[in-house]
Amino acid sequence: MNKIILLIAFSLLAMSAPIFAADKNIPTWKIKARVLVEKYLGDEWGVKLFGEKEIVYELPAIPQVDNDAKSTDVYDKKYVEKIKLKDDMKLKLNIAYVSELYEVIKERKGAGSEVSNWINVMDQGGSREGVYRALVLDRDYQGMENYDRPISTAGAEFAHNFSKRFAEMEINKETLEQVNFYSVKRLVTEKALEIIDAFEKEEDLFQWYAIMSMEFARDYKYAFQNEVRQNAEFDYHTNWAGQVPRQHLKSEVIVKLHRIFNTLQKVE
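1. Remarks on the overall build of the protein
Counting its secondary structure elements, the protein contains 15 helices and zero strands. By the burial criterion, 42% of the 268 residues in the protein qualify as buried. Here the protein displays about 15,600 Å² of accessible surface, and carbon together with sulfur accounts for 53% of that area.

Written out as structure tokens, the structure reads:
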């Protein structure tokens, strides 16, 4: 009899104020109600009345990066690539990557000669990260960093939140709003690349990357055009990270960050 009364009571509550798994602001009383339902009626009724439980993914410990400008600890850690791609697939993906870099960094299409030059560099052993760093350190990009173009409020908030959550760095939003847009997105991206290199355990890196990608897809889906980047499933990004060369993981972080910054720069 008591179970029937509980079922009727909680059914009325669920119909009047349904609980959704994705809701981050679930009232305390609803959480307690679910606990009681599952205790007396079972998990099945908990799902029926309140929906599937949201899975909470926790970030691994964020490695500390030496801020000493003279330190080379991160770069001295030699990573031995375990995953090799076939030459034809590697060429195809590299062309797509370099072309996209010009779009998100230079805000224009790369000329055929520019793209082919960087493809040659990578064919001779150059890395995707190396191409990125060369593009943001060249004379053209330095000139862009001298523009009177402060970052948007939305961009500054993203830089603040990303740095705090994924790099454990506290950056004042008001200070960021006074800094050049191109400088902010370069510095945030460079810090992310340093964090990637600093991870000791591969599984921690994959978890960090998957949570980041999942949250980007959830909160900034409109910044991406392809389904891979719009996928908000943790397992999907974890599996992807484990099946591609490390440089491809880095290049995805580079492109995702720049695309989000570019999109938010248009938001005022």
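From this point, things continue past the structure.
2. So, the nonpolar core
Most often, soluble globular proteins keep nonpolar side chains buried together rather than apart. Ranked by internal contacts, the top residues of the largest apolar core, which has 58 residues, are Phe158, Phe162, Trp208, Phe216 and Val253. Contacts of Phe162, omitting those with residues within four sequence positions, involve Ala167, Val188, Ala192, Met212, Phe216 and Leu257. Counting five residues, the second-largest nonpolar core is a separate cluster that includes Ala33, Leu41, Leu49 and Phe50.

3. Structural notes on the packing of aromatic side chains
In total, this model carries 15 aromatic pairs according to the counting rule given. Centre to centre, the rings of Tyr57 and Phe234 are 4.0 Å apart; their planes meet at 15°, and the pair counts as stacked. Of the two residues, Tyr57 is situated in the loop between helix H3 (43-50) and helix H4 (73-76) and Phe234 in helix H14 (residues 234-241); the sequence distance between them amounts to 177 residues. Pairing Phe158 with Phe261 gives two aromatic rings, centres 5.0 Å apart and planes at 80°, and the pair type is edge-to-face. Of this pair, Phe158 sits in helix H9 (residues 153-166) while Phe261 sits in helix H15 (residues 246-265), and the two are 103 residues apart along the sequence. Judged on exposure class, the residue Phe158 and its partner Phe261 are both buried. By way of ring pairs, the aromatic residues Phe158, Phe162, Phe166, Phe199, Trp208, Phe216, Tyr220, Tyr222 and Phe261 are connected into one cluster. The positively charged end of Arg165 is found above the aromatic ring belonging to Phe166, 5.4 Å away from the centroid.

Criteria and thresholds
Residues numbered from 1 in each chain as written. Predicted model: local features only at pLDDT ≥ 70, side-chain atom pairs only at ≥ 80, totals over all residues. Heavy atoms only, no water. Helix = DSSP H or I, 4+ residues; strand = E, 2+ residues; numbered from the N terminus. Buried < 20%, exposed > 50% of the residue type's maximum accessible area, 1.4 Å probe, protein only. Areas by Shrake-Rupley, 256 points an atom, 1.4 Å probe, with all protein chains shown as cover. Core = buried A, V, L, I, M, F, W, Y, C linked by side-chain atoms within 4.5 Å. Contact = heavy atoms within 4.5 Å. Phe/Tyr/Trp six-rings, centres within 6.5 Å; stacked < 30°, edge-to-face > 60°. Lys NZ or Arg CZ within 6 Å of the ring centre and 35° of its normal.

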